[in-house]
Amino acid sequence: DIQLTQSPSFLSASVGDRVTIICRASQGIASYLAWYQQRPGKAPNLLIYSASTLQSGVPSRFSGSASGTEFTLTISSLQPEDFATYYCQQLADYPITFGQGTRLEIK
Amino acid sequence: EVQLVESGGGLVQPGGSLRLSCAASGFVFSDYFLDWVRQAPGKGLEWVARSRTKANSYTTKYATSVKDRFTISRDDSEKSLYLQMNSLKIEDTAVYFCVRSFGDFRSFDSWGQGTLVTVSS
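This text gives an overview of the structure that appears in the document.

What follows covers the interface of chain B and chain A. On the chain A side, the residues contacting the 20 residues of chain B number 18 residues. Surface buried jointly by chain B and chain A totals about 1600 Å² across both partners, of which 66% is contributed by carbon and sulfur atoms. Looking only at chain B, the three residues that lose the most surface to chain A are B:L45, B:W47 and B:F105, adding up to 39% of its buried area. The tally of links from chain B across to chain A stands at zero salt bridges. At the junction of chain B and chain A, the tally comes to six residue pairs in polar contact (both at pLDDT 80 or more). Listed by contribution, the elements that provide at least two residues to the side of chain B that touches chain A are β4 (33–39) and β5 (45–51) of chain B.

What follows is about the nonpolar core. The tendency in soluble globular proteins is for nonpolar side chains to be buried side by side. Ranked by internal contacts, the top residues of the largest apolar core, which has 41 residues, are A:F98, B:W36, B:L83, B:M85, B:Y96, B:F108 and B:W111. Of all the secondary structure elements, the ones that give two or more residues to this core are β4 (33–38) of chain A together with β3 (18–25), β4, β5, β7 (70–75), β8 (80–85), β9 (94–101) and β11 (115–119) of chain B. Counting residues per element, this core draws most heavily on β9(B), at five residues.

Moving on, we get to unusual backbone geometry. All names here are of chain A. In this structure, the amide linkage connecting S7 to the following residue, P8, adopts the cis form with an omega of -5°. Here P8 is to be found in the loop between β1 (4–7) and β2 (10–13). Cis geometry marks the peptide bond from Y94 to P95, where omega comes out at -5°. Although it is not a glycine, A30 adopts a positive phi angle of roughly 50°. For A30, a relative accessible area of 55% gives the class exposed. A positive phi angle, close to 50°, is found at S50, a residue other than glycine. As for its position among the elements, S50 is in the loop between β5 (45–49) and β6 (53–54). On the basis of relative accessibility, which here comes to 38%, the residue S50 falls in the partly exposed class.

What follows is about the sheet that holds β3(B). Residue and element names in this part refer to chain B. With antiparallel pairing, the four strands of this open sheet are ordered in space as β1-β3-β8-β7. In the strand order of this sheet, the two ends are held by β1 (3–7) and β7, each with one partner. For this sheet the average axis-to-axis angle between neighbouring strands, irrespective of direction, equals 15°. Pairing of β3 with β8, which is carried by six bridges, proceeds in the antiparallel orientation. The partner of L20 across the bridge, within β8, is L83.

Reading the values: the criteria
Residues numbered from 1 in each chain as written. Chains lettered and ligands numbered in written order. Predicted model: local features only at pLDDT ≥ 70, side-chain atom pairs only at ≥ 80, totals over all residues. Heavy atoms only, no water. Contact = heavy atoms within 4.5 Å. Buried area = accessible area lost by both parts, 1.4 Å probe. Salt bridge = Lys/Arg side-chain N within 4 Å of Asp/Glu carboxyl O. Polar contact = N/O pair within 3.5 Å; in protein donor to acceptor, adjacent residues only side chain to side chain. Helix = DSSP H or I, 4+ residues; strand = E, 2+ residues; numbered from the N terminus. Core = buried A, V, L, I, M, F, W, Y, C linked by side-chain atoms within 4.5 Å. Buried < 20%, exposed > 50% of the residue type's maximum accessible area, 1.4 Å probe, protein only. Pairing = 2+ DSSP bridges. Axes fitted to C-alpha atoms, helices over the stretch in contact; angles between N-to-C directions.

The following block contains the structure:
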């Protein structure tokens, strides 16, 4: 199975901060990586697909990039509604797997 | 508006069975792959199973943890997805989400609100 390791697992930041979350794949997955945001008690919401393509309706402060097996989600200027848990997901091979999640909290 | 509405969750004893349903609306159901993803209380996301389209021979895929115990199926005429869960274990306790994607290698662009399955004696 392809393992995805997110770092950090927990992040404390302030409104207006720029934050970066990293997802490392245990083997090559090309650009078959997505990012999701999950607020407490809600279903996840797709933010980024194909490593760097912004899903329709998602604010432009979210961006994704890739370098080999390392993928990055960046939020350029945190807003209050961005405090949530973020997951990466690989779709290159079965079983489809998710990272363990990064919980982003208000400092 | 795309909608996925799960139902059928509840409390079941270990070794028991349960059937989840997902009613879809707002899109051409038969064009999409449909999956189940679960989330144990306080834990991360785990993909469970996939149902491909008629064009892909309705083939299915399963996570190792549920293979041979769970069966995913779909009824395109009813715009519904199902998950038959047998031989349930305590570790199957989770919220089960119905999700759609447009094919292999494609992300999950719509999610239902989830239904809670609790396996406990």
